[in-house]
Amino acid sequence: MATYRGSKRTKYVFKPRFYVICVSLFFVILAALVLFIPGSGQCVIAEGIMDTEVQQSFAVIRNEQVISVDKYDRIQHKVEEGSTVAAGTPVACVYKWGYSDDMMQALLQIEADIYEEQMTQLASVEDLGLIDVNNRIEVVKDRLQSAILNKGTEDVLTIENELTALLEERQAYLATRVQSTETLNALYQERATRLDQLNQWRTDVSTAADGRVSFYFDGYEQALNVAKLEIISTKLVLGAIKGSSATDPTMDSEKLLYRLVDPNVWYVAFITSGSDMYRVVEGERYEVSFSGESETTYVGIAQKPLKSGDSFINILKFERDIGRYISIRSIKGDISLHATGLTVNKDAILFDEDMLTYVKVKGSDKIIYVDILGIDGDNVLIRASGDSDVLAVGQTLVMSQKNLFSKLFGND
């Protein structure tokens, strides 16, 4: 008879490591669910007051005209940098390309010949008026020689004109003391010819309008101008802020003469990212403190931000004397705003495809565009913008669905 042995059961014993792995896997899955699965939330609108201050780098934009002339050799400034002028004020005397100092030297020689002939007629007569003007002429001649030979700080053309004025003064004086002769008349005629030749090489330039004069150029005068405020770009503003050289093919440096600036209205611009909630609110009055003027506060009126690529150009308008910014293009500073409005959690601020900010009231699919008046940590001060529906205290807003990972490591 055959005998059958029953099946033997195997008993499995789990080691402690197995339980550790299971528990660890459980917490990993739980963490992934918490970190990466979007959550939803809401916040209630409240009243708020907020002071926001932000450091920025600005590009200065002026209301100015660039005055240019035909290519010139030299220029004699008749007003100083930053002078306020009225229409018709002589600003400079321009000497055309090809002008030579020999022309002035030839005129000076004729003046010397005339003087020698006049003194021959006066013989040994002592004239105190003549002595006085001669002493002043010698002083200016020494200055002129020093400026030409030693390349001093004084402008040669300016000194030459001083000398010309003194020589004319002396000649007018002597004309009343000395009788004309055939020799003198011939010299007078030659002097008139030399003066006419010299005048053909120089042109006096006067202002066409009121304003402030500057002889400083950086190449951004045409592009960063109030007249083109609506079409400036992020690249242009950043270039000016960084001090990058500007090349304008329409501007020839050898023809630029001066800028006529409106000193009472000017602007600054700064850039913010399209994903940044902070941007100026049109019509608001911001306080600005520029570097180097910590004790001076400027009040700028915000213009409508201009979208340029993935950024916004923020512009402030100032209606006060331009001061030193007539010749400064880039400046750092602090911009601040004290405002009252409605406070919400920053996650309630949403962005449309044009990077404009809006909120959604719970239970409604309608979006309400808002202006950001201030940011303080997780709190944002807002107001309904433009023709958007009015927001009210106590309304509940939908918050953006962000997972915990985004909240911890996001860029906002």
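Note: the structure precedes this text.
Basis of the calculations
Residues numbered from 1 in each chain as written. Predicted model: local features only at pLDDT ≥ 70, side-chain atom pairs only at ≥ 80, totals over all residues. Heavy atoms only, no water. Helix = DSSP H or I, 4+ residues; strand = E, 2+ residues; numbered from the N terminus. Buried < 20%, exposed > 50% of the residue type's maximum accessible area, 1.4 Å probe, protein only. Contact = heavy atoms within 4.5 Å. Pairing = 2+ DSSP bridges. Axes fitted to C-alpha atoms, helices over the stretch in contact; angles between N-to-C directions. Parallel < 35°, antiparallel > 145°, perpendicular 65-115°, else oblique. Left-handed = near helix turned anticlockwise from the far one by under 90°. Nonpolar A, V, L, I, M, F, W, Y, C, P; charged D, E, K, R; others polar. Phe/Tyr/Trp six-rings, centres within 6.5 Å; stacked < 30°, edge-to-face > 60°. Lys NZ or Arg CZ within 6 Å of the ring centre and 35° of its normal. Core = buried A, V, L, I, M, F, W, Y, C linked by side-chain atoms within 4.5 Å. Salt bridge = Lys/Arg side-chain N within 4 Å of Asp/Glu carboxyl O. Polar contact = N/O pair within 3.5 Å; in protein donor to acceptor, adjacent residues only side chain to side chain.

Trainee: How would you explain the side chain of Ser385 if you had to name every residue and give the values?
Mentor: Structurally, Ser385 is set in the loop between β17 (379–384) and β18 (396–399). Ser385 gets classed as buried once you look at its relative accessible area, which sits at 14%. In contact with Ser385, other than residues within four places in its own chain, are Tyr369, Val370 and Asp371.

Trainee: Before we move on, could you go through the sheet that holds strand β3 (residues 72–77) and cite the residues and values that matter?
Mentor: Pairing between sheet strands relies on hydrogen bonds along the backbone, with the strands arranged either parallel or antiparallel. Spatially, the three strands line up as an open sheet ordered β3-β5-β6, and their pairing is antiparallel. Edge positions in the open sheet fall to β3 and β6 (202–206), since each of these has one partner strand only. Looking at each pair of strands side by side, their axes are set apart by 25° on average, direction ignored.

Trainee: If you had to explain the packing of helix α2 (residues 101–122) against helix α5 (residues 182–199) to someone new, which residues and values would you point to?
Mentor: Where α2 contacts α5, the two axes come as close as 10 Å, and the packing angle between them is 160°. In terms of orientation, α2 lies roughly antiparallel with respect to α5. The two elements α2 and α5 meet at a crossing, and its hand is left-handed. Where α2 approaches α5, its residues Met103, Met104, Ala106, Leu107, Ile110, Glu111, Asp113, Ile114, Glu117, Gln118 and Gln121 are matched on the opposing element by Thr183, Leu184, Leu187, Tyr188, Glu190, Arg191, Arg194, Leu195 and Leu198. Counted by class, the contact of α2 with α5 contains 11 nonpolar, three polar and six charged residues.

Trainee: Describe the packing of aromatic side chains, and please don't skip the residues or the numbers.
Mentor: With the rule as written, the count across this model stands at 13 aromatic pairs. Aromatic side chains Trp266 and Phe290 sit 6.5 Å apart centroid to centroid with 35° between the ring planes, which places their arrangement in the tilted category. A residue pair is termed long-range when its members are at least 10 positions apart, and Trp266 in strand β8 (residues 256–273) and Phe290 in strand β9 (residues 285–290) qualify at 24 residues. Both residues of the pair, Trp266 and Phe290, count as buried. Chaining the aromatic ring pairs together yields one cluster made of Phe58, Trp266, Phe270, Phe290, Tyr298, Phe318 and Tyr325. The lysine or arginine in question, Arg279, covers the ring of Phe312, its NZ or CZ lying 4.0 Å from the ring centre. The ring of Tyr298 has Arg320 lying over it, and the distance from NZ or CZ to the ring centre is 4.1 Å.

Trainee: Lay out unusual backbone geometry in plain terms, naming residues and giving numbers.
Mentor: One non-glycine residue, Met355, lies in the positive phi region at around 65°. In this fold, Met355 is placed in the loop between β14 (350–351) and β15 (357–360).

Trainee: For helix α6 (residues 234–242), give the residues involved together with the corresponding values.
Mentor: Three or more residues of α6 are buried, namely Thr234, Val237, Gly239, Ala240 and Ile241. Elements in contact with the buried residues of α6: β2 (46–68), β8, β11 (306–308), β12 (311–318) and β13 (330–345).

Trainee: Would you mind going over the nonpolar core in detail, with residue names and values included?
Mentor: In this structure, Trp266, Tyr286, Phe290, Leu316, Tyr325 and Ile335 are the most contacted members of the largest nonpolar core, which totals 28 residues. For this core, the secondary structure elements donating two or more residues are β2, β8, β9, β10 (298–302), β12 and β13. If you look at the next biggest cluster of nonpolar residues, it comprises 27 residues, including Tyr99, Tyr115, Val133 and Leu198.

Trainee: Outline the pattern of salt bridges, listing residues and values.
Mentor: Tallied over the full model, the rule gives 16 salt bridges. Between Glu64 and Arg62 there is a salt bridge whose closest N-O contact spans 3.3 Å. Here Glu64 matches Arg62 in class, with each residue buried. Here Asp218 and Arg329 are joined by a salt bridge, their closest N and O atoms 2.8 Å apart. Here Asp218 is found in the loop between β7 (211–214) and α6, whereas its partner Arg329 is found in the loop between β12 and β13, with 111 residues between them in sequence. Linked through salt bridges whose partners overlap, the residues forming this network are Arg62, Glu64, Asp218, Arg259 and Arg329.

Trainee: Pulling in residues and values, what's your account of the environment of Asp127?
Mentor: Tracing the backbone through its elements, the reader meets Asp127 in the loop between α2 and α3 (128–149). Sequence spacing of Asp127 and Arg177 is 50 residues, and the spatial spacing of their C-alpha atoms is 9.7 Å. A polar atom in the side chain of Asp127 sits 3.0 Å from the backbone nitrogen of Gly129. A polar atom in the side chain of Asp127 sits 2.4 Å from the side chain of Tyr173.

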